[in-house]
Amino acid sequence: MKKTNFKSLLAIVALVGIIGTMPFLTSCKKSTSVAPTLYDSVGGSVMVKDPKSSSGAMIEAGRLALRSVVDSTIFVIAADGSLNNKFFSVLLGEVGKGNLSGFTELSMNLTDFFCVATGAKSFKYTGMDMVSAHDPAKNSRMGTKATSADFDLFVGDLVKGAQQNGVSNDLIANHIGPLVYTLKSQVVQK
Ligand code: HEM
């Protein structure tokens, strides 16, 4: 009788032990299968050679992809008569005189912004907040306040910049576009 009780007790302890570890096992499984971010989709944190660096510096593939899109987009905008002089005259004036400091800073700020917005872990955005950056009263580099139509033109140029760098139409339409449109109410101030 005593023996049977001891066996039953052991079985109960074992059962409680197994059931007790189940939620833990389930939560372990959950925490290891983190969904890839948009940043991962464009290359993520894999280190590659930076084609812009003469000293062979490395750069995260995701950052390189986003920086390439940003730089191409700035060139597309510079050639876009509907946006260039109206909004970017300070920048274009500097570039026309061979001064690339504003371009370099804008490229870096926009790249940081998109890295953070798409889920990169290694970067910080330290530029102006989106409302201030697009308010000429707070940012003298912003020619005038943007309308909804200006915003749509800007996004059109961003799409061209992305396509020039081989970003897929699926990523543009289903991920980058929706992300950019979450910022519309902050950028459009007219
Ligand atoms: C979702 C869309 C947009 C994003 C994410 C964005 C982001 C940014 C960022 C991060 C900066 C740099 C801020 C700083 O230097 O501290 C900036 C500057 C600027 N943005 Fe935008 N922007 C967007 C749309 C627009 C639109 C629609 C226009 C005009 C039509 C515009 C015109 C400008 C101008 C003129 C500057 C200053 C450029 C310079 O430094 O010379 N942006 N934007």
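Keep in mind that this is a model prediction, so the values were computed, not measured.

Draft legend 1. Region of interest: the overall build of the protein. When you go through the protein residue by residue, the secondary structure sums to 9 helices and 2 strands. Its helices and strands taken in sequence order, the protein reads α-α-β-β-α-α-α-α-α-α-α from the N to the C terminus. Within the protein, contacts between residues separated by at least 24 positions form 57% of all contacts whose residues are at least 6 apart in sequence.

Draft legend 2. Inspection of the packing of helix 7 (residues 148-164) against helix 8 (residues 169-181) at higher detail. At a minimum axis distance of 12 Å, the contact between helix 7 and helix 8 shows a crossing angle of 140°. Relative to helix 8, helix 7 is oriented oblique. Along this stretch, helix 7 crosses helix 8, giving a crossing that reads as right-handed. Contact residues: helix 7 offers Val155, Leu158, Val159 and Ala162, while helix 8 offers Ile172, Ile176 and Val180. The residue inventory of the contact of helix 7 with helix 8, partitioned by class, reads 7 nonpolar, no polar and no charged.

Draft legend 3. The arrangement of helix 4 (residues 84-96) in detail. Taking 1.5 Å per residue, 13 residues should reach 18 Å; helix 4 reaches only 13 Å between its end C-alpha atoms and comes up short. Considering bend angle alone, the principal kink of helix 4 is centred on Val90 and spans about 60°. Among the residues making up helix 4, those that are buried are Phe87, Phe88 and Leu91. Lining the buried residues of helix 4 we find helix 3 (61-78) and helix 5 (101-118).

Draft legend 4. Examining helix 3 more closely. Here helix 3 is 18 residues long and its end C-alpha atoms lie 26 Å apart, about the 26 Å a rise of 1.5 Å per residue gives. For helix 3, the complete set of buried residues consists of Gly62, Arg63, Leu64, Ala65, Leu66, Arg67, Ser68, Val69, Val70, Thr73, Val76 and Ile77. Its buried side turned inward, helix 3 meets helix 2 (38-41), strand 1 (47-49), strand 2 (58-60), helix 4, helix 5 and helix 7.

Draft legend 5. Structural detail: the confidence of the model for the protein. Across the protein, the average pLDDT comes to 90, with 83% of residues at or above 70. Counted against residues more than four places away or in other chains, residues 15-28, with its pLDDT under 50, gives 0 contacts.

Draft legend 6. Representation of the nonpolar core in the model. Among the nonpolar cores identified, the biggest contains 17 residues, and Ala65, Leu66, Val69, Val70, Phe114, Cys115 and Ala162 are the most heavily contacted of them. If you list the elements that add at least two residues to this core, you get helix 3, helix 5 and helix 7. When residues in this core are grouped by element, the largest group, 5 residues, is from helix 3. Among residues more than four places away in sequence, those in contact with Val69 are Gly161, Ala162, Asn165 and Val167. Among the nonpolar cores identified, the runner-up in size contains 7 residues, and Phe87, Leu91, Met142 and Ala146 belong to it.

Draft legend 7. Quick peek at the environment of Lys124. Secondary-structure assignment places Lys124 in the loop between helix 5 and helix 6 (130-133). Judged by the 8 C-beta atoms lying within 10 Å of it, Lys124 is exposed. Sequence spacing of Lys124 and Phe113 is 11 residues, and the spatial spacing of their C-alpha atoms is 7.6 Å. Setting aside chain neighbours within four positions, we find Lys124 in contact with Asp112 and Val116.

Draft legend 8. Spatial organisation of the packing of helix 3 against helix 5. Relative to each other, helix 3 and helix 5 sit at 130°, their axes nearing to 9 Å. As the angle between them shows, helix 3 and helix 5 are arranged oblique. Seen along the crossing, helix 3 lies across helix 5 with a hand that is right-handed. Contact residues: Gly62, Arg63, Leu66, Arg67, Val70, Asp71 and Ile74 in helix 3; Phe103, Leu106, Ser107, Leu110, Thr111, Phe114 and Cys115 in helix 5. For the contact of helix 3 with helix 5, the class distribution of residues is 8 nonpolar, 3 polar and 3 charged.

Conventions and cut-offs
Residues numbered from 1 in each chain as written. Predicted model: local features only at pLDDT ≥ 70, side-chain atom pairs only at ≥ 80, totals over all residues. Helix = DSSP H or I, 4+ residues; strand = E, 2+ residues; numbered from the N terminus. Contact = placed C-beta atoms within 7 Å. Axes fitted to C-alpha atoms, helices over the stretch in contact; angles between N-to-C directions. Parallel < 35°, antiparallel > 145°, perpendicular 65-115°, else oblique. Left-handed = near helix turned anticlockwise from the far one by under 90°. Nonpolar A, V, L, I, M, F, W, Y, C, P; charged D, E, K, R; others polar. Expected span 1.5 Å × (residues − 1). Bend = angle between axes of the 7 residues up to and from the residue. Buried ≥ 20, exposed ≤ 12 C-beta atoms within 10 Å, placed from the backbone. pLDDT = per-residue confidence, 0-100. Core = buried A, V, L, I, M, F, W, Y, C linked by C-beta atoms within 7 Å.

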